[in-house]
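Structural description and commentary
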Amino acid sequence: TQLLEQSPQFLSIQEGENLTVYCNSSSVFSSLQWYRQEPGEGPVLLVTVVTGGEVKKLKRLTFQFGDARKDSSLHITAAQPGDTGLYLCAETRGSRLTFGEGTQLTVNP
Amino acid sequence: ETGVTQSPTHLIKTRGQQVTLRCSSQSGHNTVSWYQQALGQGPQFIFQYYREEENGRGNFPPRFSGLQFPNYSSELNVNALELDDSALYLCASSPFLAGAQETQYFGPGTRLLVL
């Protein structure tokens, strides 16, 4: 069973700061998704990365997939309080998602 | 278009009891997956249903069972509840058999507390 490690586990920053969170695995990802989950809601898909070295941007969010497809990062520029939430990475393999434990991000105004 | 809905939103049970959680998939979606999310952890895959048949199961004991109905709605049943079953139960639907890049749309979850 593939284990996904996310770091840091918790992150509390001030509005306007930049941050990066990480997702790592001991084996190669088939493809990787990033989700954000807010309290009282289910996870919402942000992006899917498939190709090693791939970079995708979603407004102030930049997602990178490692060349070896064993790691990924999410960088947020000029964080806003609305970015607060649990950021989860998940490997997609066939019909199921395998999630990491998440990074709980709090952006203080 | 209606999103994924789940009921009830919250539930309290005692050890040994049985519980049924319900999920209505998004319109046009015929695949439903169930996940358990313990506090402070990521969701864990329980099982998936496609066209009323179980299609894949995670590392959960047989007392976790499910059903999918002809309208693609689904139930998750848990027998002989244990304290560790306390968690947020998430349902996710997708338009057809979920491949590596299919998007799963999650409901808001049912928060189960076992006392």
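Before reading on, note that the structure itself is shown above.
Residues numbered from 1 in each chain as written. Chains lettered and ligands numbered in written order. Predicted model: local features only at pLDDT ≥ 70, side-chain atom pairs only at ≥ 80, totals over all residues. Heavy atoms only, no water.

What to know about the interface of chain A and chain B
Across the contact, 21 residues belong to chain A and 25 residues belong to chain B. Across the chain A to chain B interface the summed buried area is about 1,600 Å²; carbon plus sulfur atoms make up 51%. When the buried area of chain A at its contact with chain B is split by residue, Ser 95, Arg 96 and Leu 97 of chain A rank highest and sum to 32% of it. Viewed at the interface, chain B and chain A are joined by zero salt bridges. For the interface between chain A and chain B, the tally reads four residue pairs in polar contact (both at pLDDT 80 or more). Among the secondary structure elements, those contributing two or more residues to the side of chain A that touches chain B are strand E4 (32-37), strand E5 (44-49), strand E9 (85-93) and strand E10 (96-99) of chain A. (Contact = heavy atoms within 4.5 Å. Buried area = accessible area lost by both parts, 1.4 Å probe. Salt bridge = Lys/Arg side-chain N within 4 Å of Asp/Glu carboxyl O. Polar contact = N/O pair within 3.5 Å; in protein donor to acceptor, adjacent residues only side chain to side chain. Helix = DSSP H or I, 4+ residues; strand = E, 2+ residues; numbered from the N terminus.)

Side note on the state of the cysteines
All names here are of chain A. Inspection of every chain in the model, using the stated rule, returns two disulfides over all chains. Disulfide partner of Cys 23: Cys 89, at an S-S distance of 2.0 Å. One disulfide, between Cys 23 and Cys 89, carries an S-S torsion of 75° and so falls in the right-handed class. Of this pair, Cys 23 sits in strand E3 (residues 19-25) while Cys 89 sits in strand E9, and the two are 66 residues apart along the sequence. By relative accessible area, which is 0% here, Cys 23 ends up buried. (Disulfide = S-S within 2.5 Å. Buried < 20%, exposed > 50% of the residue type's maximum accessible area, 1.4 Å probe, protein only.)

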